[in-house]
Amino acid sequence: MRVAVLNGPNLNLLGEREPALYGRQTLADIEALTRAEAAALDVEVEWFQSNHEGALVDAVQGLRGRVDGAVINPAAFGHTSLALRDAFLAAPVPFVEVHLTNIFGREPERRHTVLADLAVAVIAGLGASGYPVGLRALVDRLRAG
Ligand code: DQA
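All values derive from a computational prediction rather than experimental measurement.

## What to know about the packing of helix H2 (residues 27-41) against helix H6 (residues 130-144)
Then, number 1: Orientation of H2 relative to H6, taken along the N-to-C sense of each, is 30°, at an axis distance of 9 Å. By the criterion of interaxial angle, the relationship of H2 to H6 is roughly parallel. As H2 runs across H6, the sense of the crossing is right-handed. Contacts between H2 and H6 involve Leu27, Ile30, Leu33, Thr34, Glu37, Ala38 and Leu41 from the first element and Tyr131, Pro132, Leu135, Arg136, Val139 and Arg143 from the second.

## Considering the nonpolar core
Then, number 1: If you look at the biggest cluster of nonpolar residues, it comprises 23 residues, and the most contacted ones within it are Tyr131 and Leu135.
Then, number 2: Among the secondary structure elements, those contributing two or more residues to this core are strand S1 (2-7), H2, strand S2 (44-49), strand S4 (95-99) and H6.
Then, number 3: When residues no more than four places from it in sequence are discounted, the contact partners of Leu135 are Val3, Thr34, Glu37, Ala38, Leu41, Val45 and Val71.
Then, number 4: In this structure, Ala4, Ala59, Val67 and Phe88 belong to the second largest nonpolar core, which totals 19 residues.

## What about unusual backbone geometry?
Then, number 1: Phi at Asn10 is positive, roughly 75°, even though this residue is not glycine.
Then, number 2: Mapped onto the secondary structure, Asn10 falls in the loop between S1 and helix H1 (19-22).
Then, number 3: Residue Asn10 is classed as partly exposed on the basis of its relative accessible area of 35%.
Then, number 4: With a phi close to 50°, Ala75 is a non-glycine residue in the positive phi region.
Then, number 5: Tracing the backbone through its elements, the reader meets Ala75 in the loop between strand S3 (69-73) and helix H4 (77-80).

Each value, and the rule that gives it
- Residues numbered from 1 in each chain as written.
- Predicted model: local features only at pLDDT ≥ 70, side-chain atom pairs only at ≥ 80, totals over all residues.
- Heavy atoms only, no water.
- Axes fitted to C-alpha atoms, helices over the stretch in contact; angles between N-to-C directions.
- Helix = DSSP H or I, 4+ residues; strand = E, 2+ residues; numbered from the N terminus.
- Parallel < 35°, antiparallel > 145°, perpendicular 65-115°, else oblique.
- Left-handed = near helix turned anticlockwise from the far one by under 90°.
- Contact = heavy atoms within 4.5 Å.
- Core = buried A, V, L, I, M, F, W, Y, C linked by side-chain atoms within 4.5 Å.
- Buried < 20%, exposed > 50% of the residue type's maximum accessible area, 1.4 Å probe, protein only.

Printed below as a string of structure tokens:
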């Protein structure tokens, strides 16, 4: 089984970016956590981060037929990007949406995402653990058929 993990804008700065909110772990630390979980699950992981909406749209379009599912932290594009939503509608692949923070308890403009209703599940507020937890939940769901 193969799963893509997609990361949106500014997540490349994790560790130094608003650490009181997002923690001290870098994206590379989170990737290592996620890959360890993937190894335990016997799943292959593709890791991708971009600050560019179009690059993420291309990445989503490219998932179909190549991976079994995806974990995505769309970051701010999750609140705004109909293009990203349209990409999942055009090239459907089961995905779990992850946010490090509990977006539902943050500013009003962060409490809604344009992907949530398309997702298998939304995980928000578990910090870095949300990635391996989301991966495991997705793989359980995919294996259950
Ligand atoms: C985030 C939450 C978003 O609102 C924010 O724009 C991010 C990170 C999170 O992981 O908590 O960049 O997706």
